[in-house]
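# Summary of structural features
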Amino acid sequence: MACIFCDNPSELTLEHAIPQWLYHQFSPGTEGKFPVTALHFIEGKGYVTVRPHDSMSFVTKKLCRRCNNEWGSELEKDVIPILTPLTGKTFPQLVHLHFSTLLPHSEVLCRWLVKTAITTSWTLPNVWRPKRDFSKSVRADQLPHEIWMEVAKSNQRGIFAAITQLFPTWNGGAYSGFRMNVEVPTFQFCLQVNHLLLRVASTPGARAIYSGSHGRRPYRVYPKPHPIDPDIVEYEDGFDFLKSVALETFAECEGEVPPEGWVPRRIIT
Ligand SMILES: [Zn+2]
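Notes on the structure in this doc start here.

Reading the values: rules and limits
- Residues numbered from 1 in each chain as written.
- Predicted model: local features only at pLDDT ≥ 70, side-chain atom pairs only at ≥ 80, totals over all residues.
- Helix = DSSP H or I, 4+ residues; strand = E, 2+ residues; numbered from the N terminus.
- Buried ≥ 20, exposed ≤ 12 C-beta atoms within 10 Å, placed from the backbone.
- Core = buried A, V, L, I, M, F, W, Y, C linked by C-beta atoms within 7 Å.
- Contact = placed C-beta atoms within 7 Å.
- Pairing = 2+ DSSP bridges.
- Axes fitted to C-alpha atoms, helices over the stretch in contact; angles between N-to-C directions.
- Left-handed = near helix turned anticlockwise from the far one by under 90°.
- Expected span 1.5 Å × (residues − 1).
- Arc of directions from axis to C-beta.

## Details of the overall build of the protein
- The number of helices and strands found in the protein is seven helices and 14 strands.
- The buried share among the 269 residues of the protein stands at 39%.

As structure tokens, then:
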């Protein structure tokens, strides 16, 4: 097995899927150690718990020493001062003002979140793993095509990470279940640290629409921010945020049948 970012077959090192400084933000009293539960989407059953483990064992050995210590660590250093004010135990007031401070850093944040999505995908069982060219573009300081990123606030404090290729999908105005694009892979990765919610996704050929408990739409960071709307950036928790996005497709897509009982409640187009 070679490094997932540069194909170097030697000197593979242990890398925390979710950066350790974020664990410390969540649980400073235990030096970033706490129980972790992973969820896995199974057709007909919805999301089920995979295997509980410990935050410190949420690691992957798929990065070489150079990638870990050079550009990987530079990327972390760039992002720490940007996200630290938003990942504390209490979320700052003036949410939109704080979100707007992220916009000048949109590219580095998006690249960092894609890197975190890739390392997380190699830590969780049974999830999609991005292709090599995807990882390589991140290493080469580029963003893969058709990537978008958004942020929101969670009402409940927590820590949560999820990666999925399946989206609730509307085709030609009709709901057609959880689907994915198999030609050009769709995916979304959601990360919650305390009250901050982050999502990075790639949805070629489709338009993101928002459903879910309150019909709220998150704050777009990359590539082009949505106009600011002061009431639509709060979600109950990371899971609520994960479920809130649906796709409106313009082409046929392969997929799976909708799980029983899934009813979109409100759609913002
Ligand atoms: Zn490498």
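## Re the nonpolar core
- Core analysis: the biggest nonpolar cluster contains 50 residues, and Cys 110, Leu 113, Val 114, Cys 190 and Val 200 have the highest contact counts within it.
- Those elements that provide at least two residues to this core are helix H1 (20-26), strand E6 (59-64), helix H3 (71-83), helix H5 (106-121), strand E7 (147-164), strand E10 (187-202), strand E12 (219-222) and helix H7 (238-243).
- When residues of this core are assigned to their parent elements, the largest contribution, 10 residues, is made by E10.
- Not counting chain neighbours up to four residues away, the residues in contact with Val 200 comprise Cys 110, Leu 113, Val 114, Ala 117, Ile 147, Met 149 and Phe 189.
- Judged by nonpolar contacts, the second largest core, of nine residues, contains Trp 170, Phe 178, Met 180 and Ala 208.

## Re unusual backbone geometry
- In this structure, Pro 223 follows Tyr 222 across a cis peptide bond, with omega equal to 0 degrees.
- The phi angle at Asp 141 is positive, at roughly 65 degrees, despite the residue not being glycine.
- Here Asp 141 lies in the loop between helix H6 (132-139) and E7.

## Looking at the pairing of strand E9 (residues 174-179)
- As paired elements, strand E8 (residues 167-171) and E9 share four bridges and run antiparallel to each other. Residue pairing for E9: Trp 170 is matched across the bridge by Tyr 175.
- Counted between consecutive antiparallel strands, the loop separating E8 from E9 contains two residues, among which Gly 172 sits at a positive phi close to 55 degrees.

## Digging into the packing of H3 against H5
- Interhelical geometry of H3 versus H5 gives an angle of 115 degrees and a closest axis separation of 10 Å. Regarding H3 and H5, the two cross each other, and that crossing is left-handed. On the side of H3, the interface is formed by Leu 75, Asp 78, Val 79 and Ile 82, while H5 contributes Val 108, Leu 109, Arg 111, Trp 112 and Lys 115.

## Notes on H5
- For H5, with 16 residues, the first-to-last C-alpha span of 22 Å sits near the 22 Å given by 1.5 Å per residue.
- Of all 16 residues that make up H5, 13 are buried, and the element is covered over most of its length.

## Examining the sheet that holds E9
- Strands sit in the order E9-E8-E14-E11 across an open sheet of four strands; the sheet is mixed. Two strands close off the open sheet at either side, each with one partner strand: E9 and strand E11 (206-210). Between one strand axis and the next, the sheet turns through 35 degrees on average, direction left out of account.
- Summarising the sheet, E11 and strand E14 (residues 245-249) pair through five bridges and their orientation is antiparallel. Directly across from Arg 207, in E14, lies its bridge partner Glu 248.

## A look at the environment of Glu 146
- Here Glu 146 is to be found in the loop between H6 and E7.
- Separated by 57 residues in sequence, Glu 146 and Thr 203 place their C-alpha atoms 6.7 Å apart.
- Excluding anything up to four places from it in sequence, Glu 146 contacts Ser 202, Thr 203 and Pro 204.

## Some words on the pairing of E8
- E8 sits mainly inside the fold: four of its five residues count as buried.
- The sheet contact formed by E8 and E14 spans three bridges and is parallel. Within E14, the residue paired with Asn 171 across the bridge is Thr 249.

## A word on the environment of Trp 112
- Note on placement: Trp 112 falls in helix H5.
- For Trp 112 and Asp 141, which are 29 residues apart along the polypeptide, the C-alpha to C-alpha distance reads 10.0 Å.
- Not counting the four nearest positions on each side in its chain, Trp 112 is found in contact with Leu 75 and Val 79.

## Points about H6
- Of all the positions in H6, only Ser 135, Val 138 and Arg 139 are classed as buried. Each buried residue of H6 sits inside an arc of 100 degrees when the element is viewed along its axis, so together they form one side.
- Looking at the buried side of H6, the elements it contacts are helix H2 (65-69), H3 and H5.
- Just downstream of H6, Asp 141 is the residue with a positive phi angle, here 65 degrees.

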